[in-house]
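Each chain, letter by letter, is given below.
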Amino acid sequence: MDRTLLAALVLLTYALFCAVIFRRHAARNRPVAAGEGILVAYATQTGFAEELARRTVAGLLDAGQKAWVEAIDRLDAVRLSGLDRALFIVSTTGEGDAPDHAAGFVRKVMGAGAALSGLRYGVLALGDRDYAGFCAFGHALDGWLRRQGAQPLFDLVEVDDGDAGALRHWQHHLGQMAGHVHLADWTPPDYQDWVLSERRHLNPGSPGGPVFHLRLTPPAGGQVDWQAGDIAEIGPCNPPDAVAAALIAAGGERAETRDGVTRPLSRWLSETILPGGHDPLPHREYSIASLPADGTLDLVVRRVTGPDGRLGLGSGWLTRHAAPGGTVRLRLRRNAGFHPPPDDRPLILIGNGTGIAGLRAHLKARAAAGRGRNWLLFGERKAAHDSLFADELSAWRAAGVLDRLDLAFSRDGEQPLYVQHLLAAAGDQVAAWVAEGAAIYVCGSLEGMAGGVHAVLTELLGAETLEELAATRRYCRDVY
């Protein structure tokens, strides 16, 4: 072949290769049209926030979402007002300051107003608890977005010095945003095998999905240290029939070595996404409903069924497929933003459904510490079937642990009655408790309950007061 022609072909091939790479890069970084995708903006001092932003975009793209990444200093109020969804990954530097490159955004954009009622957003705040103003810029950005009318997709996620558990929590929210898809963990899972010692159906006959109380016994010598408010991350497994079918398709049982670990192929298939069986199943998060002193880690799980009749990955495993007496892979995650108050201040606990789990742990902690002045407002469907932990609540009421108990059952009256209605009706008493120093803890569904409760509290207390309560950890939420 003529050398000139050969050189031309080489150049053409190289040009095509470069074009493909450029198009892939552009697809990950282009500012697509408003409403078309998800902006992931970062503010970084050392580059870590940018790295996480790019990981976030990559995960969303892999899940079939349109997303792109930009530095926060490239944004202004006009661009933000045209967005449908945005995620902010921001560091705090110095004594609670924004990163240097974000100074203009703070002065020009956050220093003025913006019409952001159409924006839904999430904030990942990076910081270090050893310094004053922990995650201060993230909280300042979150407060500013709320005041401009933007609606949070989920509560702000704090990351202390790159904490892997908090980053997994962020990934959990990303999976929910992307339509409850599987997103592989950024950090390798470190599960322990806990024994499923008991599973009890709490609401037979309910018009809602079945709710189960699970008790798990820790492994010998395993980690059993947690507080009220902490989270259990579950490593679910595939249903046995799905594993059996995948094993047949793979040619039958055999030993297989992966990353230096040899196990039966059926074990690998049980813990990985089928049919390929190589990517690990994503974890699922549940509020812990007990204390270490109880001897078991308790969960309250509602079985979820999709439109196609298939059970949810985590809830199906825990409420049907995991065998009592068998093991459940579990790791504990510290959730400092929902830990109990350090003193005996009054406590207003608000929740619905399986949110009773986190509230139950707090009541157990208060009872163990001999602290009264606790007020529970809780909602479910029907009193005859959905009075979750009614005996315990009655006993706490009689013992003075619960100073006040208000229950709402939405399907019992002619008009639906929800927990936010109870809150509004008791507005004067809520304000009086807050004036006495009470903290407010909310646990349960983000859609409906948490938003309704937040709206009522804003009406009762004022947006600035509620923001101040959140900043001083007197308004804490574990919502999902």
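For clarity, every value in this text was computed on a predicted model and none was experimentally measured. Along each chain, residues carry numbers from 1 onward, in the same order as the chain's sequence is written. Confidence filtering applies because this is a predicted model: local features only for residues at pLDDT of at least 70, side-chain atom pairs given and counted only at 80 or more, and all residues used for totals across whole chains, interfaces and linings. Heavy atoms from the whole structure form the basis of all side-chain values; hydrogens and water molecules are not counted.

Some remarks on the overall build of the protein
Next, step 1: Regarding its fold elements, the protein presents 16 helices and 19 strands.
Next, step 2: Note on method: radius of gyration uses C-alpha positions; expected globular size equals 2.2 Å times residues raised to 0.38. For 480 residues, the compact-globule formula gives about 23 Å, and the C-alpha radius of gyration of the protein, at 25 Å, lands near that figure.
Next, step 3: In what follows, residue pairs with any heavy atoms lying within 4.5 Å of each other are defined as contacts. In the protein, once contacts between residues fewer than 6 apart in sequence are set aside, the share between residues at least 24 apart is 74%.
Next, step 4: With the model as given, the accessible surface of the protein reaches about 22,000 Å², and the carbon-plus-sulfur share is 53%.
Next, step 5: When charges are counted, neither His nor the chain ends are considered; positive counts come from Lys and Arg and negative counts from Asp and Glu. In this description, the location of a charge corresponds to atom NZ of lysine, CZ of arginine, CG of aspartate or CD of glutamate. The centroid of the 48 positive side-chain charges in the protein is displaced by 5 Å from the centroid of its 55 negative side-chain charges. In DSSP terms, a helix is any run of H or I states spanning at least four residues, a strand is any run of E spanning at least two, and both are numbered starting from the N terminus. In this description, accessible areas are obtained by the Shrake-Rupley approach with a 1.4 Å probe, and a residue is regarded as covered only by the protein chains that are shown.

Remarks on the pattern of salt bridges
Next, step 1: Any Lys or Arg side-chain nitrogen located within 4 Å of an Asp or Glu carboxyl oxygen qualifies as a salt bridge. Counted according to the given criterion, the structure contains 32 salt bridges.
Next, step 2: Residues arginine 74 and glutamate 70 are paired through a salt bridge, measuring 3.6 Å at the closest nitrogen-oxygen approach.
Next, step 3: The classification of residues rests on relative accessible area computed with a 1.4 Å probe and restricted to protein chains. Under 20% of the type maximum is buried, over 50% is exposed, and intermediate values are partly exposed. By relative accessible area, arginine 74 is classed as exposed at 52%.
Next, step 4: Salt-bridge contacts for arginine 404 lead to aspartate 406; the nearest nitrogen and oxygen are separated by 3.1 Å.
Next, step 5: Through salt bridges with shared partners, one network takes in Arg168, Glu233, Glu285, Arg331 and Arg333.

Quick look at the sheet that holds strand E16 (residues 374-380)
Next, step 1: Two strands pair if DSSP finds at least two bridges between them. With respect to topology, 5 strands assemble into an open sheet ordered E17-E16-E15-E18-E19, the strand pairing being parallel. Two strands in the sheet have a free side with no partner beyond their single neighbour: strand E17 (402-409) and strand E19 (475-479). Neighbour-to-neighbour, the strand axes of this sheet turn through a mean angle of 10°, independent of strand direction.
Next, step 2: Where strand E18 (residues 439-444) meets E19, 5 bridges bridge the pair, whose relative direction is parallel. Angles shown run from 0 to 180 degrees and are taken between the N-to-C directions of axes, each axis being a line fitted to C-alpha atoms and, for helices, limited to the stretch in contact.

What about the confidence of the model for the protein?
Next, step 1: By definition, pLDDT measures how confident the predictor is in each residue, and it falls between 0 and 100. Taken over all residues, the pLDDT of the protein has a mean of 89, while the share at 70 or more is 92%.
Next, step 2: The model gives residues 1-34 a pLDDT under 50, and that stretch makes 21 contacts with residues more than four places away or in other chains.

What to know about empty space enclosed by the protein
Next, step 1: For cavity detection a 1 Å grid was placed over the protein atoms alone, and a set of points counts as a cavity when a 1.4 Å probe fits there but cannot get out; an open set counts as a pocket when protein lies on both sides within 12 Å along at least five of seven lines, with lining residues being those that have an atom within 4 Å of a point. Grid points are joined across faces, edges and corners, and a volume is the space filled by probe spheres set on the points. For the structure shown, the criterion picks out 1 cavity of 30 Å³ or more.
Next, step 2: Of the pockets and cavities examined, the largest cavity occupies roughly 100 Å³.
Next, step 3: If you trace the largest cavity, you find it lined by Arg168, Gln171, His172, Gly175, Gln176, His180, Val181, Leu183, Asp185, Pro282, His283 and Arg284.

Concerning the packing of aromatic side chains
The geometry of two aromatic rings is summed up by the distance between their centres and the angle between their planes.
Next, step 1: Put simply, two rings from Phe, Tyr or Trp (the six-membered ring, in Trp's case) pair if the centres are within 6.5 Å, and we call them stacked under 30 degrees between planes, edge-to-face over 60, tilted for the rest. Enumeration according to the criterion identifies 5 aromatic pairs in this entry.
Next, step 2: Centre to centre, the rings of phenylalanine 154 and tryptophan 170 are 5.7 Å apart; their planes meet at 85°, and the pair counts as edge-to-face. Of this pair, phenylalanine 154 sits in the loop between strand E5 (151-152) and strand E6 (157-160) while tryptophan 170 sits in helix H6 (residues 164-177), and the two are 16 residues apart along the sequence. The exposure classification of phenylalanine 154 matches that of tryptophan 170, with both residues buried.
Next, step 3: Any Lys NZ or Arg CZ that is within 6 Å of a ring centre and within 35 degrees of that ring's normal is treated as a charge sitting over the ring. For the cation-ring pair, arginine 263 lies above tryptophan 268, with the distance from its terminal atom to the ring centre recorded as 4.0 Å.
Next, step 4: Lying over the aromatic face of tryptophan 433, arginine 373 brings its terminal NZ or CZ to 4.1 Å of the ring centre.

A short note on the sheet that holds strand E12 (residues 284-287)
Next, step 1: Strand order in the open sheet made by the 6 strands is E12-E9-E14-E7-E8-E13, with antiparallel pairing throughout. Of all the strands in the sheet, just E12 and strand E13 (297-302) have a single pairing partner and so form its edges. In this sheet, neighbouring strand axes are inclined to one another by 40° on average, regardless of whether the strands run parallel or antiparallel.
Next, step 2: Here strand E7 (residues 192-201) runs beside strand E8 (residues 211-217); their pairing, made up of 6 bridges, is antiparallel. Across the sheet, leucine 196 pairs through a bridge with leucine 216, a residue of E8.
Next, step 3: Set on the sheet, H6 makes contact with strand E9 (231-235), E12 and strand E14 (327-333); between it and E14 the angle comes to about 110°.

Some remarks on the environment of phenylalanine 154
Next, step 1: Residue classification places phenylalanine 154 among the buried positions, given a relative accessible area of 5%.
Next, step 2: When residues no more than four places from it in sequence are discounted, the contact partners of phenylalanine 154 are Leu87, Tyr121, Gly122, Val123, Trp170, His173, Met177 and Leu446.

What to know about helix H15 (residues 446-461)
Counting along an α-helix, one turn takes 3.6 residues, and residues three or four places apart therefore face a common direction.
Next, step 1: Those residues of H15 that fall on the buried side of the exposure criterion are Leu446, Met449, Ala450, Gly452, Val453, Val456, Leu457 and Leu461.
Next, step 2: Where H15 is buried, its residues contact strand E15 (347-352), helix H13 (419-425), helix H14 (427-435), E18, helix H16 (463-471) and E19.
Next, step 3: Directly beyond the C-terminal end of H15, a positive phi value near 95° is found at glycine 462.

Examining the state of the cysteines
Next, step 1: By convention in this document, the label disulfide applies to cysteine sulfur atom pairs within 2.5 Å. What the rule picks out here adds up to 0 disulfides.
Next, step 2: Take cysteine 135: it sits in no disulfide, and the sulfur closest to it among the cysteines is that of cysteine 476, at 14 Å.
Next, step 3: As a non-bridged cysteine, cysteine 443 has cysteine 476 as the owner of its nearest cysteine sulfur, 12 Å distant.
Next, step 4: On the basis of relative accessibility, which here comes to 0%, the residue cysteine 443 falls in the buried class.

With respect to the environment of glycine 326
Next, step 1: Within the fold, glycine 326 resides in the loop between helix H9 (313-321) and E14.
Next, step 2: Residues glycine 326 and glutamate 95, spaced 231 residues apart in sequence, show a C-alpha to C-alpha distance of 49 Å.
Next, step 3: In this structure, glycine 326 is in contact with Trp194, Val195 and Leu196, ignoring residues within four places of it in sequence.

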